[in-house]
Amino acid sequence: MWLYAVLALAVLWVAVWLWRDSLVIDKVSNKYVFVTGCDSGFGNLLCKKLERRGFQVLAGCLTQKGADDLQRGTGPNLKTILVDVTDAASVKMAVQWVQKETGGKGLWGLVNNAGRSVPMGPTEWMRTEDFHSTLRVNMMGVIETTLAFLPLIKKARGRIVNVASVLGRLAANGGGYCISKFGVESFSDCLRRDIHYFGIKVSIIEPGFFKTAVTSLEPIEKELHRLWNQLDPEIRDSYGEKYFEKYIKLQRFIMNTFCDPDLSKVTNCMIHALSAKYPRTRYSAGWDAKFAWIPFSYAPAFIVDSMLSAVLPRPAQSCS
């Protein structure tokens with residue numbers, strides 16, 4: 001009897017959750033969304049999809065070529081501006097431009113999508129400036145852009161969508177990328193709790209591995225060679241040439257095998273966060289995120305350490 005009652009309640013809860021999750025906002029033609037990092041990848045595809053759905057899209061691109069290419073592929077509801085999220089003056093100009101474009105209506109959505117992955121590699125290979133280059137874009141860029149646009153978002157009682165990563169839940173490689181994504185997770189959680197009184201929703205997107213500029217092999221390998229060549233001879237000898245060669249091969253295997261080409265799995269999560277009446281706090285995008293990375297992030301540290309150690313090459317002078 002009790003078992004049936006619990007089962008019935010569980011089914012009812014799922015049905016209500018699915019119904020609630022399917023509810024969407026109306027009058028999207030009056031809502032403005034600003035997206036960073038729109039030259040390619042998730043940001044580029046998201047802007048095209050939002051524009052087709054009727055949103056007023058304001059796209060922040062890093063390069064003029066990226067802005068021109070995006071403009072040619074979209075309609076009159078999309079406008080572009082050049083913005084560098086690491087430059088306070090550039091972000092301030094973008095805020096002034098958005099304020100003018102929205103005509104005092106406020107900003108419905110801010111999508112912090114701009115990011116970079118390199119340099120990444122063994123922690124001992126890094127210098128302090130190698131961490132700074134990634135943290136400035138992925139973490140400080142998100143914080144500065146969010147704080148700058150917050151008054152406009154408060155005015156519209158809108159949404160903030162921050163792109164983190166499954167590597168913001170489980171650190172798998174050295175460098176600034178995982179650190180920055182952990183930072184985005186923390187910043188988003190604090191922000192959500194601080195500003196929910198104003199009717200603002202904050203969502204975190206946690207993609208798995210996808211084929212974008214962030215996972216492109218050419219810059220990853222180029223940076224790995226730079227890191228390797230700048231090492232002191234003593235440190236380089238402790239790892240050995242075979243370690244370096246195997247590390248490069250491992251990166252090629254991961255990026256060629258596990259990176260999903262279907263970017264819509266991520267952009268669909270972003271669209272839901274912007275258009276649902278009740279957006280979720282977190283979205284895990286990709287099968288590897290749902291069934292590998294996120295579950296592994298809850299496992300005991302010794303299990304995760306053992307699994308990652310099993311796939312990484314062993315340095316020449318490692319302890320037996």
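The structure this text deals with has already been given above.
Counting restarts for each chain: residues are numbered from 1 in the order of the written sequence. Local features in this predicted model are restricted to residues whose pLDDT is 70 or higher, and side-chain atom pairs enter the listing and the counts only when it is 80 or higher, whereas totals over whole chains, interfaces and linings include all residues. Based on all heavy atoms of the structure, the side-chain values leave hydrogens and waters out of the count.

Colleague: Teacher, can you tell me more about the nonpolar core here?
Modeller: Where a protein is soluble and globular, its nonpolar side chains tend to be buried together. Put simply, a nonpolar core is a bunch of buried Ala, Val, Leu, Ile, Met, Phe, Trp, Tyr and Cys residues held in one set by side-chain atoms that sit within 4.5 Å of each other. Residue exposure (1.4 Å probe, protein chains only): buried if accessible area is under 20% of the type maximum, exposed if over 50%, otherwise partly exposed. Within the largest apolar cluster, 31 residues are counted, with the highest numbers of intra-cluster contacts made by Val 33, Val 35, Cys 47, Leu 50, Val 111 and Met 270. When contributions to this core are tallied by element, the ones reaching two or more residues are β1 (32-35), α2 (41-53), β2 (56-61), α3 (64-72), β5 (159-163), α10 (264-275) and β7 (282-285). Numbered from the N terminus, helices here are DSSP runs of H or I no shorter than four residues, and strands are runs of E no shorter than two. Among the elements that make up this core, the one with the highest residue count is α10 (6 residues). Note on contacts: a residue pair qualifies if any of its non-hydrogen atoms lie within 4.5 Å across the two residues. Contact partners of Val 35, with chain neighbours within four places excluded, come to Gly 43, Leu 46, Cys 47, Leu 50, Leu 58, Ala 59, Gly 60, Val 111 and Asn 113.

Colleague: Just checking my understanding: could you explain the side chain of Arg 159 for this structure?
Modeller: With respect to the helices, strands and loops of the structure, Arg 159 is situated in strand β5. This count recognises Lys and Arg as positive and Asp and Glu as negative, with His and chain-terminal groups excluded. In what follows, salt bridge is the name for a side-chain nitrogen of Lys or Arg lying within 4 Å of a carboxyl oxygen of Asp or Glu. We note that Arg 159 is buried and unpaired, the nearest opposite charge coming from Asp 26 at a distance of 9.8 Å. In this structure the side chain of Arg 159 is engaged in a polar contact, spanning 2.8 Å, whose partner is the backbone oxygen of Ala 276. Those residues in contact with Arg 159 that sit more than four places away from it in its chain are Ile 25, Trp 108, Gly 109, Leu 110, Ile 153, Lys 201, Ala 273, Leu 274, Ser 275, Ala 276, Lys 277 and Pro 279. Here a polar contact means two N or O atoms within 3.5 Å. Within protein one must be a hydrogen donor candidate and the other an acceptor candidate, and residues neighboring in sequence count only if both atoms are side-chain atoms.

Colleague: In this structure, what is going on with the sheet that holds β1? I would like to understand it.
Modeller: Note on sheets: strands pair through backbone hydrogen bonds, and any given pair is parallel or antiparallel. The parallel open sheet is built from 7 strands, whose spatial order is β3-β2-β1-β4-β5-β6-β7. Single-partner strands in this sheet number two, and they are β3 (78-82) and β7. Neighbour-to-neighbour, the strand axes of this sheet turn through a mean angle of 15 degrees, independent of strand direction. Contacts from helix α6 (residues 176-195) reach β5, β6 (201-207) and β7, with the element oriented near 160 degrees to β6. By this definition, two strands are paired if DSSP reports at least two bridges between them. Axes, fitted as lines to C-alpha atoms, cover a helix only where it is in contact. Angles between the N-to-C directions of the axes lie from 0 to 180 degrees.

Colleague: What should I look at first to understand the pattern of salt bridges in this one?
Modeller: Where charged atoms of side chains with opposite charge meet at close range, the side chains can pair. The full count for this structure, using the stated rule, is 13 salt bridges. Close ionic contact of Glu 101 with Lys 79 constitutes a salt bridge, the shortest N to O distance being 2.9 Å. You can see Glu 101 sitting in helix α4 (residues 88-102) and its partner Lys 79 sitting in strand β3, a full 22 residues away along the chain. Between Arg 282 and Asp 189 there is a salt bridge, with the nearest N and O atoms lying 2.9 Å from each other. Residue Arg 282 is found in strand β7, and its partner Asp 189 is found in helix α6; the two are separated by 93 residues along the sequence. A relative accessible area of 30% places Arg 282 in the partly exposed class. One network of salt bridges, in which partners are shared, links Arg 169, Glu 185, Asp 189, Arg 192, Glu 206 and Arg 282.

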